[in-house]
Amino acid sequence: MSALPRGAAQLAFDGAGLVAGTTPGRGFMVDARCLQGEPVRGAYAHVCALADADASLEFDQPEVQQVRRDALAWWIPLLGDALISITTLALDEARYGGAITVTREPVDWDDDPFARIFPGTLLRSDLFCVVPPPAGPVIERYGGVAWPGGSFAT
Amino acid sequence: MKLEPGSAFPDLDLPDHTGRERRLSELAAGDPVALVFSRGWWCPKEQRHLRELTALQDEFEVAYTRIVVVSIDAPEVQAAFRAGLGARFTFLSDAERRWLPRLGLLEESDTLHEPYRPTAFTLHPDLAVHRAYDGYWYWGRPTSEDLRQDMRAISRAVREDFRT
């Protein structure tokens, strides 16, 4: 993984647990805002990713674009006040490794659109803070930062 | 309040269609914005105009530009209307008429709903007004082509590497 773009942070996932940093397991870039505030203790993190290093798609593939549209259209509204934060998982500027939806309480994870690409693993986590959900309709990434993070604001 | 090209649009603070408090500057997030004031879900003109905006969102989603709609509908009504449209942009609810009188955008001919006068503004990322539209008469509203032209002009002005 090359130098982190502005607005990115790193998380590692080994298939059973999430930690800040790049190990143990597989390192991903996330929207840094999810980790920069006061963490919500005991949050529910639905990690739709695999620890297998080969499990990736390009962000620009239609199915990866569509899950971001679905997140904006109905997944985030469906979560309502339960939502803490949401981030995709980037492997580099082009490749998608998954997504994490973090909530205050259990929700119907079968509805998670990101699980259509990589299956979900439900964890309890103390890492994530509250981030306002993306406003839409933008689904593109800003300077290679994992959606919905980043900005061109100076 | 003057809402004309070159003036600073107020940083609206209103609940969105899920009930979360949002600020307009937060929704802009450094991008150009098409800000649309709409009467409400019941009006056939608004339904038609928002269907056109929803069709245009496929371009906005890849162009680092935003669409924000403000109406006096309650958040839960906006959420249903938004879902029916298939919209993926944010609706802001001014059901309490928090900003309507301050903006001077009351549609005085509708004493039943006391809605916003249909208006639209294209904004720079810092919320400076690029162009204003009065859509009381339907043909005063921005067409998709008007919005494309405005987003192009603003993007050209604010994106340093935008080449003509």
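This text gives an overview of the structure that appears in the document. Throughout, a residue's number is its position along its own chain's written sequence, starting from 1. As a convention, the first chain written is A and the first ligand written is 1, with the rest following in written order. Restriction of local features to residues with pLDDT of at least 70 applies here, the model being predicted, together with a cutoff of 80 or more for giving and counting side-chain atom pairs; totals for whole chains, interfaces and linings are based on all residues. Hydrogens and water molecules were not included; the side-chain quantities draw on all heavy atoms of the structure.

1. Quick word on unusual backbone geometry
With an omega of 0°, the peptide bond running from T23(A) to P24(A) counts as cis. In this chain, G136(A) is followed by P137(A) through a cis amide linkage whose omega measures -5°. Phi is positive for A29(B), close to 50°, though the residue is something other than glycine. By the element assignment, A29(B) lies in the loop between α1 (24-28) and β3 (33-37). Backbone geometry places L127(B), a non-glycine residue, at a positive phi of 75°. Checked against the element boundaries, L127(B) lands in the loop between β6 (119-123) and β7 (129-134). The numbering of helices and of strands both runs from the N terminus, where a helix is a DSSP run of H or I of at least 4 residues and a strand a run of E of at least 2.

2. Quick word on the pattern of salt bridges
All names here are of chain B. We define a salt bridge as a side-chain nitrogen of Lys or Arg found within 4 Å of a carboxyl oxygen belonging to Asp or Glu. Summed over the entire model, instances satisfying the criterion amount to 23 salt bridges over all chains. Among the salt bridges present, the one from R39 reaches E46, with a minimum N-O distance of 3.4 Å. Judged by its relative accessible area of 6%, R39 is buried. The partner of E61 in a salt bridge is R88, with the nearest N and O atoms 2.8 Å apart. Of this pair, E61 sits in the loop between α2 (44-60) and β4 (66-71) while R88 sits in the loop between α3 (75-85) and β5 (90-93), and the two are 27 residues apart along the sequence. The cut-offs for exposure are 20% and 50% of the maximum accessible area for each residue type, with area from a 1.4 Å probe on protein chains only; residues under the lower value are buried, those over the upper are exposed, and the others partly exposed. The exposure class of E61 is buried, given its relative accessible area of 2%.

3. Side note on the side chain of T88(A)
All names here are of chain A. Its location among the elements puts T88 in strand β6 (residues 83-90). Classification of T88 as buried rests on a relative accessible area of 0%. Pairs of N or O atoms within 3.5 Å make up the polar contacts considered here, provided that, within protein, one atom can donate a hydrogen while the other can accept it, and that residues adjacent in sequence are counted only when both atoms are side-chain atoms. Here the side chain of T88 touches W147 through a polar contact of 2.7 Å, landing on its backbone oxygen. Those residues in contact with T88, other than ones at most four positions away along the chain, are M29, V30, F59, Y96, G98, A99, F114, A146 and W147. We call two residues contacting when some pair of their heavy atoms lies within 4.5 Å.

4. Concerning the sheet that holds β4(B)
All names here are of chain B. Within the open sheet, the 5 strands sit side by side as β5-β4-β3-β6-β7. Their pairing is mixed. If you trace the sheet from one side to the other, it starts and ends with β5 and β7, each paired once. For this sheet, the mean angle separating the axes of adjacent strands, direction not counted, is 20°. Pairing geometry for β3 and β6, over 5 bridges, is antiparallel. The residue bridging A34 from the neighbouring strand is T122, located in β6. Axis definition: a line fit to C-alpha positions, over the contact stretch in the case of helices; interaxial angles, taken between N-to-C directions, run 0 to 180 degrees. Running over the sheet, α3 touches β4 and β5 and is turned about 155° from β5. Lying over the sheet, helix α5 (residues 144-158) contacts β3, β6 and β7, oriented at roughly 165° with respect to β7. Here, strands pair whenever DSSP counts at least two bridges between them.

5. Things to note about the packing of α2(B) against α5(B)
Residue and element names in this part refer to chain B. Two elements in contact, α2 and α5, have axes separated by 10 Å at closest approach and are oriented at 35°. In terms of crossing hand, the pair formed by α2 and α5 is right-handed. For the pair formed by α2 and α5, the contact residues are E52, L53, L56, E59 and F60 on the first element and S144, L147, R148 and M151 on the second. Taken together, the residues that form the contact of α2 with α5 break down as 5 nonpolar, 1 polar and 3 charged. A clockwise turn of the near helix away from the far one marks a right-handed crossing, whereas an anticlockwise turn of less than a right angle marks a left-handed crossing. Under the convention adopted here, Pro, Cys and the residues Ala, Val, Leu, Ile, Met, Phe, Trp and Tyr are nonpolar, Asp, Glu, Lys and Arg are charged, and Gly plus all remaining residues are polar.

6. What to know about α2(B)
All names here are of chain B. Helix length check: α2 (17 residues) gives 24 Å between terminal C-alpha atoms against 24 Å at 1.5 Å per residue, within 8%. Those residues of α2 not exposed but buried are E46, H49, L50, L53, T54, L56, Q57 and F60. Here the buried face of α2 lies against β3, β4, α3, β5 and α5. Any helix carries an expected span of 1.5 Å times its number of residues minus one.

7. Here we look at the nonpolar core
The nonpolar side chains of a soluble globular protein tend to be buried, and buried together. Working definition of a nonpolar core: buried Ala, Val, Leu, Ile, Met, Phe, Trp, Tyr and Cys residues. They are joined through side-chain atoms within 4.5 Å. W75(A), I86(A), Y96(A), F114(A), I117(A) and W147(A) are the most contacted members of the largest nonpolar core, which totals 25 residues. Other than its neighbours up to four places away in sequence, F114(A) contacts C48(A), V67(A), A71(A), W75(A), I86(A), T88(A), Y96(A), A99(A), T101(A) and W147(A).

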